[in-house]
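Given next are the chains, with one letter for each unit.
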Amino acid sequence: MEYRIDYLRELESESIFIMREVAAQFENPVILFSGGKDSILLTYLAIKAFYPSKVPFPLLHVDTGHNFQETIDYRDWLVETYGLNLKVGYVQEAIDKGYVKEEKGYNASRNYLQTYTLLDELEKGKYDAALGGGRRDEEKARAKERFFSHRDEFGQWDPKNQRPELWNLFNGKKHYGEHFRVFPISNWTELDVWLYFELEKFPLPNLYFAHERQVFERDGMLLADCDFIVKKPSEEVYTETIRCRTIGDMTCTGVWKSNAVTIQEIIAEVATSRMTERGGRADDKRSESAMEDRKRQGYF
């Protein structure tokens, strides 16, 4: 156990070093906050990195309007408790103004519409660095990211044009209008995240722990029943004991059958799982390259 604690402290130190490097190199950074465990970890590490001062970066949440209510409640609690500066961009406003078009049908989701709102908010805020909670073990497109990931003036990413990062030296130089996405927890795994939260005893949204919820099955996944999803006539709603492994838009976030009500039980579950946490995300299954296509367009 001592080895594991030392390993977690090494990950913590690396992430805090990167955050402080961002504060040193950039004029106006922002933390991308989704309400999921990785963005919570990122925010918690930022609190530790700059303590006793307040976090010098605002949080930016792109609100699809189709969130779990528990996510919004937790976000507001976190902001109030730690005196954080919250900025919110609303996908609904982009829809109302005609900048993006809402999808229709059974598989409609606002997840793809987030890209416009995210880039618009980054432009309006003149942010030159956006810190995200992406991890390399999550998905193959994210495994291609560096700690400092350059974005051009259109917010787009070129995976073939990335800068070397030798000896923890990070090159944040850019032209006017460009920005960087920074991923301080790149070297963490899902299991590392849970082990760290167990070590730190930091509270998390109850969505991550087993609870009863109305669900239905679609394409081999369980989805939480809500007003945002048009159900097919053959899809029956029933009550199941579930939890979330990853949290996003309700229309594409799959839930998992689980009885894990403590972090220790979640750790045991994750350690033996044969499916990745994003295996239950419908948005990643639209095509083989779904995530990379969105990242090239400016998605987180």
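Described in the following lines is the structure provided in the data block. Note that the structure is predicted; figures quoted are calculated from it, not measured.

### Here we look at the pairing of strand E7 (residues 211–218)
Okay, so step 1: Pairing between E7 and strand E9 (residues 238–243): 5 bridges, direction antiparallel. Within E9, the residue paired with Glu212 across the bridge is Thr241.
Okay, so step 2: As defined by bridge partners, E7 adjoins strand E8 (residues 221–224) across 4 bridges and the pair is classed as antiparallel. Among the inter-strand pairings, Val215 is bridged to a residue of E8, identified as Ala224.
Okay, so step 3: The loop that links E7 with its antiparallel partner E8 comprises 2 residues; one of these, Asp219, has a positive phi angle of about 50°.

### Things to note about the sheet that holds strand E6 (residues 179–182)
Each strand in a sheet pairs with another by means of backbone hydrogen bonds, the pair being arranged parallel or else antiparallel.
Okay, so step 1: What the 6 strands build is an open sheet, ordered E3-E2-E1-E4-E6-E5; its pairing is mixed. Whereas interior strands pair on both sides, the edge strands pair on one side only; in this sheet they are strand E3 (86–90) and strand E5 (148–151). Each strand of the sheet is rotated relative to its neighbour by a mean of 30°, with strand direction disregarded.
Okay, so step 2: Note: strand E1 (residues 29–32) against strand E2 (residues 59–63), 2 bridges, orientation parallel. Pairing of Leu32 across the sheet is with Leu60, part of E2.
Okay, so step 3: Lying on the sheet, helix H2 (residues 37–50) is in contact with E1, E2 and strand E4 (129–131); it crosses E1 at an angle near 140°.
Okay, so step 4: Helix-sheet contacts for helix H5 (residues 114–125) involve E1, E2, E3, E4 and E6, and the interaxial angle to E2 is about 150°.

### Thoughts on helix H7 (residues 263–272)
Okay, so step 1: Along H7, the positions that sit buried rather than exposed are Ile263, Ile266, Ile267 and Val270. For H7, the angular spread of buried residues about the axis comes to 105°, placing them on one side.
Okay, so step 2: Summarising the contacts, the buried residues of H7 are in contact with helix H6 (190–200) and E9.

### Brief notes about the environment of Ile72
Okay, so step 1: In this structure, Ile72 sits in helix H3 (residues 69–82).
Okay, so step 2: The spatial distance from the C-alpha of Ile72 to the C-alpha of Ser34 is 9.4 Å, given a sequence separation of 38 residues.
Okay, so step 3: Those residues in contact with Ile72, other than ones at most four positions away along the chain, are His61, Asp63 and Asn67.

### Observations regarding the packing of aromatic side chains
Okay, so step 1: Tallying each qualifying case throughout the model produces 13 aromatic pairs.
Okay, so step 2: Their ring planes at 90° and their centres at 6.4 Å tell us that Trp77 and Tyr82 sit as a pair that is edge-to-face.
Okay, so step 3: Of the residues examined, Trp77 reaches a relative accessible area of 35% and is grouped as partly exposed.
Okay, so step 4: Between Trp194 and Phe197, the aromatic rings sit 6.4 Å apart at their centres with planes inclined by 65°, giving edge-to-face as the arrangement.

### With respect to the side chain of Asp38
Okay, so step 1: The topology assignment puts Asp38 in helix H2.
Okay, so step 2: Beyond its immediate chain neighbours, meaning those up to four positions away, Asp38 contacts Gly133, Arg135, Glu138, Ile185 and Val193.

### Details of the sheet that holds E9
Okay, so step 1: Sheet architecture is closed into a barrel: 4 strands sit in the order E7-E8-E10-E9, paired in antiparallel fashion. Ignoring strand direction, the axes of neighbouring strands in this sheet form an average angle of 70°.

### With respect to the packing of H2 against H6
Okay, so step 1: One can describe the packing of H2 onto H6 by two numbers: an axis separation of 11 Å at closest approach and a directional angle of 50°. Viewed along their axes, H2 and H6 adopt a mutual orientation that is oblique. Relative to H6, the crossing made by H2 is left-handed. Facing H2, whose interface residues are Lys37, Asp38, Ile40, Leu41, Tyr44, Leu45 and Lys48, H6 presents Glu190, Val193, Trp194, Tyr196, Phe197 and Glu200.
Okay, so step 2: Class assignment for the residues of the contact of H2 with H6 results in 8 nonpolar, no polar and 5 charged.

### Details of the pairing of strand E10 (residues 254–257)
Okay, so step 1: In terms of strand pairing, E8 meets E10 through 2 bridges, oriented antiparallel. If you follow Leu222 over to E10, its bridge partner there is Val255.
Okay, so step 2: Bridge count for E9 against E10 is 2 bridges, and the pairing is antiparallel. Bridging from a neighbouring strand, Ile242 pairs with Lys257 of E10.

### What about the pattern of salt bridges?
Okay, so step 1: This model, assessed by the stated rule, comprises 19 salt bridges.
Okay, so step 2: Between Arg75 and Asp76 there is a salt bridge; the shortest N-O distance is 3.0 Å.
Okay, so step 3: Taking the relative accessible area as the measure of exposure, Arg75 reaches 8% and is therefore buried.
Okay, so step 4: Exposure remark for Asp76: the relative accessible area of 36% places this residue in the partly exposed category.
Okay, so step 5: Between Arg245 and Glu190 there is a salt bridge, with the nearest N and O atoms lying 2.6 Å from each other. Taken together, the positions of Arg245 in the loop between E9 and E10 and Glu190 in helix H6 put the pair 55 residues apart, joining distant regions of the chain.
Okay, so step 6: Residue Glu190 is classed as buried on the basis of its relative accessible area of 6%.
Okay, so step 7: Members of the salt-bridge network, linked through shared partners, are Arg9, Glu12, Lys48 and Glu200.

Thresholds applied
- Residues numbered from 1 in each chain as written.
- Predicted model: local features only at pLDDT ≥ 70, side-chain atom pairs only at ≥ 80, totals over all residues.
- Heavy atoms only, no water.
- Pairing = 2+ DSSP bridges.
- Helix = DSSP H or I, 4+ residues; strand = E, 2+ residues; numbered from the N terminus.
- Axes fitted to C-alpha atoms, helices over the stretch in contact; angles between N-to-C directions.
- Contact = heavy atoms within 4.5 Å.
- Buried < 20%, exposed > 50% of the residue type's maximum accessible area, 1.4 Å probe, protein only.
- Arc of directions from axis to C-beta.
- Phe/Tyr/Trp six-rings, centres within 6.5 Å; stacked < 30°, edge-to-face > 60°.
- Parallel < 35°, antiparallel > 145°, perpendicular 65-115°, else oblique.
- Left-handed = near helix turned anticlockwise from the far one by under 90°.
- Nonpolar A, V, L, I, M, F, W, Y, C, P; charged D, E, K, R; others polar.
- Salt bridge = Lys/Arg side-chain N within 4 Å of Asp/Glu carboxyl O.

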